[in-house]
Amino acid sequence: YTRAAVSGGAERRGVTGCGGCRPLKRTPTSGRSSLEVHSWQGCVGCRRRRRAMEQYDYDMAGEYYEDGMEIENFDSDPFEKPLPAAEQQLYCAMKSVMPDLLKRTKRELAPMLNELSLFTRAATFGDTNDLYYHAPSSRIGANYSPGANGVLEVKAAGDKRSGGRAAPQLLQYPDASAPRTMIDVGNGAAVLDATHLTESQRRHVADAIVRYYYYIEHGIREDDTIAPPKEEWFERVLALVPPDPPGRVTREYFDELILSSLEEMRTDYFYSVKKSIVDYTLANPTERERLGLEALEEMLPVAGAVRQSHGELPLVWRANVEAAREDIAWTLQTLSPNVLELSALWDAYEGKPLADVDSSAFVSRLPFEAEKFRTFQTEACERVKGSLWTTWVPKSAEVFRRQPPVCINGDTEAYYRSVASLQSIQLRGLVEHNLAAYVAFFDSHDPPDTHLVCDPQAERLNWSVPPAFIIRLREGPNGTYAFSPSFREVEDVVRGCLDQFVLAVNGIPRVGAAASNPSRRGQHIPGVQLDEDSVAAARTRVLSIMERNTAGPKSLAALFEPFLDLLVMDIPAYLRKFLQQTHALEYYAAVIEEFKDKAAAIKATALDEVRTGAYTVDCTELKQVLVHTAMEVAEQLLNQVRNTAQESNTRVCEAYTYMNTEIIKQPDTGDAVLQLKKYIAKSAAEQETLSSEINANKAREEFLECYYFDLPDGDFSLAMRAYEWPKKMINSMKEATAAANAEHRAFEDALKKRRTTFQEKTLVGYSKEIDGFDEIGDVDERESMATKVTDLSDNLTAALTESEDINVQERLFGWPPTKFAQIATYTNQLEVYRKLWTITQSFFKNIHAWLNGPFSHLDPDEIEESVTDSFRNVYKLTKTFSGAAGGPELPGPLAVAKATLEKLESFKEYLPLIIAVCNPGLRDRHWAAMSDVIGIMGWELKKDDHTSLQRLIEKGVHEHTPMLAETSDFASREWSFEKTLDKMIVDWEGVDFKLKPWKETGTFILDGGPVDDAQALLDDHIVKTQAMRASPFAKPFAERITPWESKLVRLQDIMDQWLKCQSKWLYLEPIFGSDEIMKQIPVEGAAFKSMDATWRRIMNEVKLQPEIIGAADLHNLLEDLTASNQELDVVEKGLNDFLDTKKLAFPRFFFLSNDELLEILSEAKDPLKVQPFMKKCFEAVREVEFTDRVTMKSIVSVEGEIIPLCKEIDPAETGAVEKWMLEFEDVMKESMLKVTGDSITQYAQISREQWILNWPGQVVIAGSQVYWTREVTECIVTGGAKGLAEYGKKSNMQLTNIVNMVRGELSKLERATMSALVTIDVHARDVVLQMSTDGVSDPRDFKWLSQLRYFWEDDTVRVRMINAEAQYGFEYLGNSSRLVITPLTDRCYRTLMGAIHLNLGGAPAGPAGTGKTETTKDLSK
């Protein structure tokens, strides 16, 4: 079965061939494979192998022809016949054509090879150890000799109706009419010059080229004719590819790129082999002629020909190649002994550890602290670096000093550049060697997937490779754990060490740099840079391993998470809260055991040091903190029990001590005795309570003993004292009871004796003394009598107190209180005498002082009041003593009263004079006028310190009292105005502006409190000042009142303008503090900035002079404030115009106040800060959910319902807030439309109950109404009233199902949906049943048309009622409730729907509280 190859493989198998075979042309038959007939010339071996060839070349039955000569069809498949028969049949078929074939064979052909043999498959490379090895000469031609078995022929299926054969078909080739000067088939053999070709020749060449490439692409079968590429080729290529994607390339794209590259390798391999096969086949002229490719003969390579160096190059390349050859010959530095010596010198440094990761010193110190690792690697790196600088560099220079180099062409610079390249390669090799070692060290710590989770208690722990680093698990911030150092810090150390040794060999000076070119002194040998692929790959690999190694420590730390609450535990607060509640000792025991169990669990969670791969985690610190906290809580709870017992024992001892002290006290009063007896009786119950507390303390002590709690000696002594008190108190109580009873009897006897003495001696003596006052009538005894009556009055008051005390004592002992009525009688009798003698004594004393003292010191009001009161009281006493009031006449006291009354009447005549001349408002002008009225020559009336009232009376001044009184009255009025004016000035003292800083503006505003007080004061003073200015009595003060009034009026204007300016400034300052607003209204912004500067200047001036009244004197303050207000009015108008523009752009902004709209506009760049205002623009939208890219993705209703948007909205794309709000409105409606359409589609696919739970409430009601309308219409059309009755039953069943669902487990939103749907469904059922009762049988019946009907048409919802129609707006309404629909509701709906249809408005009218507004709102839903 093996054919002879061109050379090599077939001959070695002992098979020879004459090469005289040529295939016949063939035509395929329909549905059959190709069949080829061969002839042989002179070769016995070929004839012997005919049988084998037949079995290979025959394929079913076929037709043969050559030059129009057909060969008849075989009757049957030759493979189904015995070999002799098949051979004979073939011989007969070829007998008639063989002579012609032999004559037309003009050149020797290579022998044919068996295509089915595995030993003859085309291969590009061979291996002598391979079973299928071929020599290079036989690899391409093994399967396809120049007389290849017709596989390159383009065949067409024969047409059975043609009655015979089908001619070969060529592809439709492109137009070759375009002019071409050079034609190349791409095989590198030759280029055809097409300038001398005719149009038809160029067409023929173009067709041949297209056919040539077609044979390459489609003429060779890959599966069974070409040996597949070897797997190790791909493995070697993959070994050169970095394991991780570089830079920002994603893993998915990286893997896809690798796969596509491997596929491209495979495609290129097969293409190259197939092209070689085609080229080899076309080396046969017969094949070229048979395939119609003679035109390519000049372009195909000639077998055995030797290419000339330049003859095959294009003319345009020749000069460049020659120039390059000459340049290389004169610049390439070769055969330098210095370089050999440099290479030998480098042997001592090759492989030195810039990064020491495998020495015994390094291994013995594992694991490292991060900083110690850095120090160790730095020392290793510096040692090698120092060796390079101190030894290698000088020795390298010494090589060239000792033996100067011979440079090609005398180019020293080029020579030393070559040396630098060599040394650069050496240094790069050193770095790459250390990179490999560094990466290999960390590769040994690459954790398997089974060990990414660390469980210290697992049977199989992490591998035995010693960890590289040690980190400590410590307490972190905010009750978390933290690693010290952190993983990032360790990774930084690892990265830093790698970068350090990469850069360590940089900066080494070049050998001969200064000698070759002195101007280039300081040039360095090129080293490895940090951004090179190998370094980046090593860094990425190491860091990825370190990153994977973090999983173990993190999982280990996660084991402590159940105990992390101990880190944030406020032990004092916990104990205080625990102590605030009363807990039994059993509960204390449970809590204590819980914390002790926690401490034990923490200790058992992990060892102090745990290997987790590259890291050893030291858990000691975290465990100690957690265990200490748990044990501290348990210890403090025990201590709390101990403190409770101690405090209780202390209270017991103190209570017993106090009790014992109280019962042994000696009472000194009857009240004390009674209180003692009560306390003794009460203390018995208190002792029972104390005994219970002692028992509780004993239980606490036993509890503490169970936990081996060491009680201090003081606590033990205290407890013993407390336990001994109950026995001691028994005897003390007996003794105290007996003593209290004895004292009780003694105090009863003392009280009886005290009562008798008070009644029989004290009160009787007071009565006799009062009776003696009736006989005294001498006014001269006024001093002594006043003293007596005063003393007796005090004694009666004391007697009353004594009687009350006796009554209290009597009540304490349970006696009826004694009545001492005579005390009140005596007091009433004494009162008239007391008044008489005290008034008489006081008046006689005062009148002497008034008449003889300086009149300027007299107080007329006080004198008038005293004289008037005394006269009134004495007059009443006269009536009493004369018997006119019904009592007996007393001549003595009556005489005293009359004498006093006469004295008072005589003095009252001088009261008008006293009032006139003692007026404090009198001024010099008034005294002069009074002196003129008196008219006494040589004497002037004036206020001094020696003129008395008696002197004025002697001068007869009292005779001019009326005129003096008139002058005094004028003085009083003027003095009143003067006092008022002075008081107003004083009132403003200390009244200052209070300034407070305003946010972060750097300026101040007026505090409201002082300003309000100042305004109230200012209003009052202006009114008073204006009233004073209009009075005739203000004339003397006109020069003071007028300026004062002007100042107050200016201050009032300043305050009005100031407060107005401040309110506007406060409103506008945050607005124009936003850069966004300033950009949109720059003119108004500039005006505000100008006004803002004025405001800040004014506030700074006021801060230096804070007096409010002084503000009226500030220069141009009123004018500046007025101008500022005018500027603010302009700014405010521009701002309002700007806001109106925004509102018109997005009308829902009219729902917001200006302040809210301004806040939105100022935060337009941050959509998250617009969230609080979404509900005011969209009633049912509480907020919008944003993605991480700050794009809107869904709506959240007030009830918490979430509606996904049909597309994400990116506010950053539109910029202006009103634009993306408009976009949100449109997308919201589109989303609701889409959700509604999807729900209506799903309604018919699943059960109604499940459908209700799948969709938002608003969509459920709309979709349900659509299907209700559709189904009711169908029932009316198909069944009339009976159909409606049946549908009524279906409606009742649906309501029953909803009720059953409500009784089950539903979420809050689902219940809200059910509630609204039940309201609508109940009305829908009632409508159906009513129409059934009314016999509705036509869908055009008014009873049906008058209902609110929903239709899904043209991919939207339409609502109809009678002849009115409205399109559903798809505004999101949330999961809101619905009103119960009544006949009146339907009437309102019909009217309002008609108005909507006509583009009119509607407003239901009726009494208040009947639901007009709610009905209108419900229709809008």
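Above this text is the structure in question.
Residues numbered from 1 in each chain as written. Predicted model: local features only at pLDDT ≥ 70, side-chain atom pairs only at ≥ 80, totals over all residues. Heavy atoms only, no water.

Caption draft 1: Representation of the overall build of the protein. A count of helical and extended segments in the protein gives 48 helices and 19 strands. Buried residues in the protein amount to 43% of all 1421 residues. The contacts in the protein between residues at least 6 apart in sequence include a share of 71% that link residues at least 24 apart. Accessible surface, the protein as shown: approximately 75000 Å² in total, 53% of it carbon and sulfur. (Helix = DSSP H or I, 4+ residues; strand = E, 2+ residues; numbered from the N terminus. Buried < 20%, exposed > 50% of the residue type's maximum accessible area, 1.4 Å probe, protein only. Contact = heavy atoms within 4.5 Å. Areas by Shrake-Rupley, 256 points an atom, 1.4 Å probe, with all protein chains shown as cover.)

Caption draft 2: Spotlight on the sheet that holds strand β11 (residues 615-618). One open sheet accounts for 4 strands, arranged β9-β8-β11-β10; its pairing is mixed. Edge strands, defined here as strands with exactly one partner in the open sheet, are β9 (481-484) and β10 (609-611). The mean angle between the axes of side-by-side strands here comes to 30°, regardless of whether they run parallel or antiparallel. Pairing of strand β8 (residues 469-475) with β11 involves 4 bridges; the strand directions are parallel. If you follow Ile470 over to β11, its bridge partner there is Thr616. (Pairing = 2+ DSSP bridges. Axes fitted to C-alpha atoms, helices over the stretch in contact; angles between N-to-C directions.)

Caption draft 3: Molecular detail of the environment of Ala589. The residue Ala589 is located in helix α22 (residues 585-605) in this model. Sequence separation between Ala589 and Leu637 is 48 residues, and the spatial gap between their C-alpha atoms is 9.2 Å. Ignoring any residue separated from it by four or fewer positions in sequence, one finds Ala589 in contact with Phe703 and Tyr707.

Caption draft 4: How the structure looks around the pattern of salt bridges. Counting across every chain of the model gives 55 salt bridges. Note that Asp1238 and Lys1234 form a salt bridge whose closest N and O atoms lie 3.1 Å from each other. Taken together, the residues Asp1238 and Lys1234, both in helix α42 (residues 1217-1243) and 4 residues apart, mark about one turn of the helix. For Asp1238, a relative accessible area of 33% puts it in the partly exposed group. Through salt bridges with shared partners, a single network forms among Glu1353, Asp1354, Arg1358, Arg1360 and Glu1365. (Salt bridge = Lys/Arg side-chain N within 4 Å of Asp/Glu carboxyl O.)

Caption draft 5: Here's a closer look at the side chain of Thr1187. Turning to its location among the elements, Thr1187 is positioned in the loop between β14 (1181-1186) and β15 (1192-1197). We classify Thr1187 as buried; its relative accessible area is 17%. Within the structure, the side chain of Thr1187 is placed 2.5 Å from the side chain of Thr1191, a separation counted as a polar contact. Every residue in contact with Thr1187, bar those within four places of it in the chain, is listed here: Lys1193 and Glu1208. (Polar contact = N/O pair within 3.5 Å; in protein donor to acceptor, adjacent residues only side chain to side chain.)

Caption draft 6: Examining a negative patch on the surface more closely. There is a patch of like negative charges on the surface, built from Asp859, Asp861, Glu862, Glu864 and Glu865. The residue Glu862 is located in helix α28 (residues 860-881) in this model. (Patch = residues over 30% accessible without salt bridge, like charges linked within 9 Å, V, L, I, M, F, W, Y side chains within 5 Å. Lys, Arg positive; Asp, Glu negative; His and termini not counted. Charge placed at Lys NZ, Arg CZ, Asp CG, Glu CD.)

Caption draft 7: Expanded view of empty space enclosed by the protein. Inspection of every chain in the model, using the stated rule, returns 7 cavities of 30 Å³ or more. One number sums up the size of the largest cavity: a volume of about 180 Å³. Surrounding the largest cavity, 15 residues form its lining, Gln1265, Ile1320, His1323, Leu1348 and Ile1381 being those nearest its centre. The set of elements that each furnish at least two residues to the lining of the largest cavity consists of α44 (1257-1303), α45 (1308-1333), α47 (1383-1397) and α48 (1412-1420). (1 Å grid on protein atoms, 1.4 Å probe; cavity = no way out; pocket = protein on both sides within 12 Å on 5 of 7 lines; lining within 4 Å. Points joined across faces, edges and corners; volume = space filled by probe spheres on them.)

Caption draft 8: Inspection of a nonpolar patch on the surface at higher detail. The grouping of Val249, Tyr253 and Leu257 at the surface amounts to a nonpolar patch, some 260 Å² of accessible area in total. Its place among the elements puts Val249 in the loop between α9 (231-239) and α10 (251-281). For Val249, a relative accessible area of 31% translates into the label partly exposed.

Caption draft 9: Examining the layout of surface pockets more closely. Approximately 730 Å³ is the volume found for the largest pocket. Lining the largest pocket are 29 residues, with Glu1371, Leu1373, Lys1417, Ser1420 and Lys1421 positioned closest to its centre. Listed by contribution, the elements that provide at least two residues to the lining of the largest pocket are α40 (1174-1177), β19 (1364-1367), α47 and α48. Class assignment for the residues of the lining of the largest pocket results in 16 nonpolar, 5 polar and 8 charged. (Nonpolar A, V, L, I, M, F, W, Y, C, P; charged D, E, K, R; others polar.)

Caption draft 10: Inspection of unusual backbone geometry at higher detail. Cis geometry is found at the peptide bond from Leu366 to Pro367, where omega equals -5°. Note that Pro367 resides in the loop between α14 (360-364) and α15 (370-402). Each neighbour pair has its own omega, and for Ser484 with Pro485 the value is -5°, a cis peptide bond. Relative to the helices and strands, Pro485 resides in the loop between β9 and α17 (487-504). One non-glycine residue, Asn478, adopts positive backbone phi at about 55°. Looking at the secondary structure, you find Asn478 in the loop between β8 and β9. At Tyr708, a position not held by glycine, the phi torsion is positive, near 55°. Under the relative-accessibility criterion, Tyr708 is labelled exposed at 77%.

Caption draft 11: Broad picture of the pairing of β15. Among the 6 residues that make up β15, 5 are buried, leaving the element largely enclosed by the rest of the structure. Alignment of β14 against β15, held across 5 bridges, turns out to be antiparallel. For Glu1183, the partnering residue across the bridge sits in β15 and is Val1196. Where β14 folds back on β15, the antiparallel hairpin that results is connected by 5 residues, among which Val1190 adopts a positive phi of roughly 55°.

Caption draft 12: Examining the nonpolar core more closely. Of all hydrophobic cores here, the largest spans 108 residues; its most connected members are Trp988 and Trp1058. With 13 residues, helix α35 (residues 1038-1072) is the largest single contributor of residues to this core. Excluding anything up to four places from it in sequence, Trp988 contacts Ala1014, Leu1017, Leu1018, His1021, Trp1044, Leu1048, Leu1051, Ile1108 and Ile1109. Within the second largest apolar cluster, 85 residues are counted, among which are Ala355, Val490, Val542 and Leu638. (Core = buried A, V, L, I, M, F, W, Y, C linked by side-chain atoms within 4.5 Å.)

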